[in-house]
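Working through the structure, step by step
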Amino acid sequence: MKTLILLGISTLGTIAPVWAQSDQYKQAMSQAIGALQTQTMQTSATDLQALANQFERIASVETKEWLPRYYAGLMYVYLGFTGKDEAAKDKYLDQADANLKAAEALSLNNDELVVLKAYIAQSRMVVDPMNRWQQYGPLAQAGIEKAKSLNAANPRPYVLEGTSLMYTPEQFGGGPTTACPVLKQAAEKFATFKPANDLSPNWGQKQIEPLLAKCK
């Protein structure tokens, strides 16, 4: 009996740190995602960088989790839209790529990571559209189509596609006429989409609301 009790105590001693780590991970991620959800177009680059750093710190501890790398990559995409210096934007997007590759190593054929890859390509194109659309436009669209094929219920490929079309001149196949049907598809998918858990990606709905207002 004494042996069994000691074994039980030993087993609890082995499991308890795992529970604690898991709880700590969930708490840290929930806090960071909560801060992410408060970000707006007016959020400073300093605050975005601080949040990217926060996700990277979590990733450095939780080396088997892809979500911290995913969110860090997403924050660097947002940073890639700040400021006017093209070289600085590319440096942010280099960081986004680095985090994406680390996440891909942990999770294969992940539709959310494919969306992030397409988002990075779109962001690279936006840095210098006239000179980059031929390189990054097809990459972004290929990622969008792949994400759709991996998970038809995911609204985010439609968010990226519809947003890009809305800001593309009509003479190049964009504008409200082509963007609105895609944006409405995104809205329909958001109505039924359920993230895998509380930490899973669930962004995009607020992003398309101002664009959908132009579709009425």
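What this report covers is the structure whose coordinates are included nearby. (Residues numbered from 1 in each chain as written. Predicted model: local features only at pLDDT ≥ 70, side-chain atom pairs only at ≥ 80, totals over all residues. Heavy atoms only, no water.)

This brings us to the layout of surface pockets. In this structure, the largest pocket spans a volume of roughly 1,900 Å³. In terms of lining residues, the largest pocket is bounded by 49 residues, among which Phe 81, Tyr 119, Thr 163, Tyr 167 and Gln 207 are the most central. Put simply, the parts of the chain that give the lining of the largest pocket at least two residues each are helix H1 (2-36), helix H3 (67-80), helix H5 (111-127), helix H6 (129-150), helix H7 (156-166) and helix H9 (205-213). Take the lining of the largest pocket: its biggest share by element is 8 residues, from H6. Split into classes, the residues belonging to the lining of the largest pocket amount to 27 nonpolar, 18 polar and 4 charged. If you trace the second largest pocket, you find 20 residues lining it, with Leu 100, Glu 104, Val 114, Lys 117 and Ala 118 closest to the centre. Those elements that provide at least two residues to the lining of the second largest pocket are helix H4 (86-104), H5 and H6. Counting residues per element, the lining of the second largest pocket draws most heavily on H5, which supplies 7 residues. Per-class residue counts for the lining of the second largest pocket are 10 nonpolar, 4 polar and 6 charged. (1 Å grid on protein atoms, 1.4 Å probe; cavity = no way out; pocket = protein on both sides within 12 Å on 5 of 7 lines; lining within 4 Å. Points joined across faces, edges and corners; volume = space filled by probe spheres on them. Helix = DSSP H or I, 4+ residues; strand = E, 2+ residues; numbered from the N terminus. Nonpolar A, V, L, I, M, F, W, Y, C, P; charged D, E, K, R; others polar.)

A few words on the environment of Ala 50. Topologically, Ala 50 is positioned in helix H2 (residues 45-61). C-alpha of Ala 50 to C-alpha of Met 75: the two residues are 25 residues apart in sequence and 9.5 Å apart in space.

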